[in-house]
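Here is how the chains run, residue by residue.
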Amino acid sequence: MDSPVGRIGIRGTTEYITAVLFENDTQEHVATPNAAPLLYTAKRQLEEYFRKERKVFDFPIQQPGTAFQQLVWHNLLTIPFGETITYLALAKRVGNIKSIRAVGTTNGKNALAIVVPCHRVIGSGGVLTGYAGGLWRKQWLLDHEKGGLLF
């Protein structure tokens, strides 16, 4: 799908959305006629998000990962729309302050961009750091959710 932050690819099964990724190529990707209805649900909800009509996604998601990664991704889902936390705060939430680097690495492996809001995690002092989709997208998403400029 096209979005204000570029093309987004949505992948899934009949039961789960498994990936929402930024696509950097210009190749046209078209859903097959028998694509799972869930793909269309995810696309509709993402469009609503970009129109500021949706703050929470309610389609089923799943991505493979270790127990630690699943814990981090679950905690990302608890960050309220329009708010941010630091990597250190996220490490504390998962129960190990020393896991800050592992939390950052796991954040970078999130295959469900926007839906599992890894863009809401920032560096100490409000610094934007690391985002697989590019820092400009992270800034755009944060501004979009805040309704104005953050920094």
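Residues numbered from 1 in each chain as written. Predicted model: local features only at pLDDT ≥ 70, side-chain atom pairs only at ≥ 80, totals over all residues. Heavy atoms only, no water.

J.: I would appreciate a short explanation of the overall build of the chain in the present structure.
T.: In terms of helices and strands, the chain carries five helices and four strands. Secondary structure elements of the chain occur, N-terminal to C-terminal, as β-β-α-α-β-α-α-β-α. Computed over its C-alpha atoms, the radius of gyration of the chain comes to 15 Å, within 12% of the 15 Å expected for a compact globule of 151 residues. Projecting the C-alpha coordinates of the chain onto the three principal axes gives extents of approximately 50 × 35 × 25 Å. Partitioning the intrachain contacts of the chain with sequence separation of at least 6 by distance along the chain shows that 55% fall at a separation of at least 24. Of the charged side chains in the chain, 17 are positive and 12 negative, and the gap between their average positions amounts to 10 Å. (Helix = DSSP H or I, 4+ residues; strand = E, 2+ residues; numbered from the N terminus. Rg over C-alpha atoms; globule rule 2.2 N^0.38 Å. Contact = heavy atoms within 4.5 Å. Lys, Arg positive; Asp, Glu negative; His and termini not counted. Charge placed at Lys NZ, Arg CZ, Asp CG, Glu CD.)

J.: Before we go on, may I ask you to explain the nonpolar core in this structure?
T.: One recurring pattern in soluble globular proteins: nonpolar side chains tend to sit buried together. I8, I17 and I114 are the most contacted members of the largest nonpolar core, which totals 35 residues. Broken down by secondary-structure element, the contributors of at least two residues to this core are strand 1 (8-12), strand 2 (17-22), helix 1 (37-50), helix 2 (67-76) and helix 3 (87-93). The element that contributes the greatest number of residues to this core is helix 1, accounting for six residues. Two domains each put at least three residues into this core: domain 1 (2-51) and domain 2 (67-146). With near-sequence residues (within four places) excluded, I114 lies in contact with I8, F22, L46, Y49, F50, F57, H119, Y131 and L141. (Core = buried A, V, L, I, M, F, W, Y, C linked by side-chain atoms within 4.5 Å. Buried < 20%, exposed > 50% of the residue type's maximum accessible area, 1.4 Å probe, protein only. Domains from an automatic or database assignment.)

J.: Explanation requested: unusual backbone geometry in the structure shown.
T.: Leaving glycine out, the prevailing phi sign among residues is negative, and the prevailing peptide bond configuration is trans. In this structure, K52 takes a positive phi of about 65 degrees despite not being glycine. Examined against the element boundaries, K52 turns out to sit in the loop between helix 1 and helix 2.

J.: I tried to follow the domain arrangement of the chain on my own but got confused; where do I start?
T.: By a frequent convention, interface size equals the accessible area lost on bringing the separate parts together. If you check the domain split of the chain, you get domain 1 (2-51) and domain 2 (67-146). Relative placement of domain 1 and domain 2: their C-alpha centres are 21 Å apart. Taken together, the contact pairs 15 residues of domain 1 with 15 residues of domain 2. Both faces combined, the contact of domain 1 with domain 2 buries some 1,200 Å², and carbon together with sulfur accounts for 70% of it. (Buried area = accessible area lost by both parts, 1.4 Å probe.)

J.: Please explain the pairing of strand 1 as it appears in this structure.
T.: The side chains of a regular strand alternate, residue by residue, between the two faces of the sheet. Both strand 1 and strand 2 contribute to a ladder of five bridges, which runs antiparallel. Bridge assignment links I10 to a residue of strand 2, and that residue is V20. Where strand 1 hands over to strand 2, the hairpin turn is made up of four residues, counted between the paired strands. (Pairing = 2+ DSSP bridges.)

J.: Help me understand helix 5 (residues 135-146), please; the structure alone is not making it clear to me.
T.: Think of an α-helix as turning once every 3.6 residues; residues three or four places apart then point the same way. The terminal C-alpha atoms of helix 5, which comprises 12 residues, lie 16 Å apart, in line with the 16 Å expected from a rise of 1.5 Å per residue. What helix 5 keeps buried is the set R137, K138, L141, L142, D143, H144 and E145. The secondary structure elements touched by the buried residues of helix 5 are strand 2, helix 1, helix 3 and strand 4 (121-122). Looking one or two residues past helix 5, G147 carries a phi angle of roughly 85 degrees, positive in sign. (Expected span 1.5 Å × (residues − 1).)

J.: For this particular structure, what's the right way to read the UniProt feature "active site" (unreviewed entry) in the chain?
T.: UniProt's feature table lists "active site" (unreviewed entry) at C118, given in the numbering used throughout. Mapped onto the elements, C118 comes out in the loop between helix 4 (100-108) and strand 4. Among all residues touching C118, those that are not within four sequence positions of it are L76, N107, N110 and Y131. (UniProt positions renumbered as here; feature names shortened; annotations may be inferred.)

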